[in-house]
Amino acid sequence: MTLDDVPAVGALEHRLFPIDAWPVQMFLDELSQPETRRYLVAETSGGIVGYAGLMCIEPIADVQTIAVVPEHEGRGIGSTLLTQLIEEARHRGAADVLLEVRADNPRAQQLYVRFGFEQIHVRPRYYRDGVDALIMRLQLPAAHPEGHEATDAGQV
């Protein structure tokens with residue numbers, strides 16, 4: 001995501017999350033912190049159809065946002081964005097990736113479970129309309145100094 005993408009992302013944000021939309025300034029603020037943030041967009045010839053963002057302050061990475069326009073759901077865009085965020089978290093040395101998801105959004109919850117996230121907590125009435133947030137965590141395998149992932153003892 002670049003500064004030029006922010007107006008389109010802001011418009012999508014208000015369309016997709018009318019109650020809890022981030023103000024455009026929040027995206028600008030996030031992009032101004034590349035040392036701890038990474039934001040992506042998914043584009044087609046018609047423009048931006050998805051976006052996602054990660055904050056990583058070792059040892060925790062947090063998925064700040066992830067969204068795909070409904071008419072492009074089911075095409076692997078959300079999976080691709082999430083895969084890239086998880087890889088970014090690994091690259092930045094995170095041990096865990098956390099996220100909040102609406103309790104009334106089973107489609108998103110299923111995506112996260114497929115990636116290995118597990119629910120670890122509930123934040124009651126987290127969203128402005130009173131819906132709970134499920135806190136989910138993905139534990140990342142520790143990497144050896146040579147860059148190879150650790151394996152269980154006895155495995156080669």
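Each remark here, short or long, concerns the structure printed above.
Think of each chain on its own: its residues are numbered from 1, step by step along the sequence as written. Restriction of local features to residues with pLDDT of at least 70 applies here, the model being predicted, together with a cutoff of 80 or more for giving and counting side-chain atom pairs; totals for whole chains, interfaces and linings are based on all residues. Only heavy atoms go into the side-chain values, all of them from the structure, while hydrogens and water stay out.

A. The arrangement of the nonpolar core in detail. What is meant by a nonpolar core is a set of buried Ala, Val, Leu, Ile, Met, Phe, Trp, Tyr and Cys residues, joined one to another through side-chain atoms within 4.5 Å. With a 1.4 Å probe rolled over the protein chains alone, any residue whose accessible area is under 20% of its type maximum counts as buried; one over 50% counts as exposed, and the rest are partly exposed. If you look at the biggest cluster of nonpolar residues, it comprises 39 residues, and the most contacted ones within it are V63, L81, L82, V97, Y112 and F117. Listed by contribution, the elements that provide at least two residues to this core are helix 1 (6-16), strand 1 (37-44), strand 2 (47-57), strand 3 (60-68), helix 3 (77-91), strand 4 (96-102), helix 4 (106-114) and strand 6 (133-139). Note on contacts: a residue pair is in contact if any heavy atoms of the two residues lie within 4.5 Å. Leave out the neighbours within four places in its chain, and L81 touches L40, V41, A42, G50, Y51, A52, I66, A67 and V68. Elements are defined by DSSP. Helices are runs of H or I of four residues or more, strands are runs of E of two residues or more, and each kind is numbered from the N terminus.

B. Molecular detail of the side chain of T36. Residue position: T36 is located in the loop between helix 2 (24-31) and strand 1. Under the relative-accessibility criterion, T36 is labelled buried at 17%. For T36, the residues in contact, after removing those within four places along its chain, are L54, M55, C56, I57 and R92.

C. Molecular detail of helix 3. Helices are assigned an expected span. That span is 1.5 Å times one less than the residue count. Given a rise of 1.5 Å per residue, 15 residues ought to cover 21 Å, and the 21 Å separating the end C-alpha atoms of helix 3 matches this to within 8%. Residues I77, G78, L81, L82, L85, I86, E88 and A89 constitute the buried set of helix 3. Take helix 3 and look down its axis: the buried residues cluster within an arc of 165°, on one side only. On the buried face of helix 3, the contacting elements are strand 1, strand 2, strand 3, strand 4, helix 4 and strand 6. In the segment just after helix 3, G93 is the residue with positive phi, at about 85°. Here the arc refers to the set of directions running from the helix axis out to each C-beta atom.

D. Highlighting the pairing of strand 1. Note: strand 1 against strand 2, eight bridges, orientation antiparallel. Counterpart to T44 in the pairing with strand 2 is G47. Hairpin connection of strand 1 to strand 2: two residues between the antiparallel strands. At least two DSSP bridges between two strands are required for those strands to pair.

E. Here's a closer look at the side chain of E30. Along the chain, the position of E30 falls in helix 2. A relative accessible area of 7% places E30 in the buried class. As used in this structure description, the phrase polar contact means that two N or O atoms lie within 3.5 Å; if the pair is within protein, one of them must be able to donate a hydrogen and the other to accept it, and residues adjacent in sequence are counted only when both atoms belong to side chains. In terms of polar contacts, E30 uses its side chain to reach the side chain of R37, at 2.8 Å. Excluding anything up to four places from it in sequence, E30 contacts W22, R37, Y39 and Q64.

F. Just helix 1, in detail. Those residues of helix 1 lying buried are V6, V9, G10, L12 and E13. In an axial view of helix 1, the angular spread of the buried residues amounts to 165°, which keeps them on one side of the axis.

G. Summary view of the packing of helix 1 against helix 2. Inter-axis angles, ranging from 0 to 180 degrees, are taken between N-to-C directions of lines fitted to C-alpha atoms, where helices are fitted over the stretch in contact. At a minimum axis separation of 9 Å, helix 1 and helix 2 run at an interaxial angle of 130°. Between helix 1 and helix 2, the interaxial angle falls into the category oblique. Helix 2 is crossed by helix 1, and the crossing has right-handed handedness. Where helix 1 approaches helix 2, its residues V6, V9, G10 and E13 are matched on the opposing element by V24, F27, L28 and L31. Note on residue categories: nonpolar means Ala, Val, Leu, Ile, Met, Phe, Trp, Tyr, Cys or Pro, charged means Asp, Glu, Lys or Arg, and polar means any other residue, Gly included. Residue composition of the contact of helix 1 with helix 2, by class: six nonpolar, one polar and one charged. For classification purposes, angles smaller than 35 degrees are called roughly parallel, those larger than 145 roughly antiparallel, those between 65 and 115 roughly perpendicular, and all remaining angles oblique. What makes a crossing left-handed is the near helix being turned counterclockwise from the far one by less than a right angle; a clockwise turn instead makes it right-handed.

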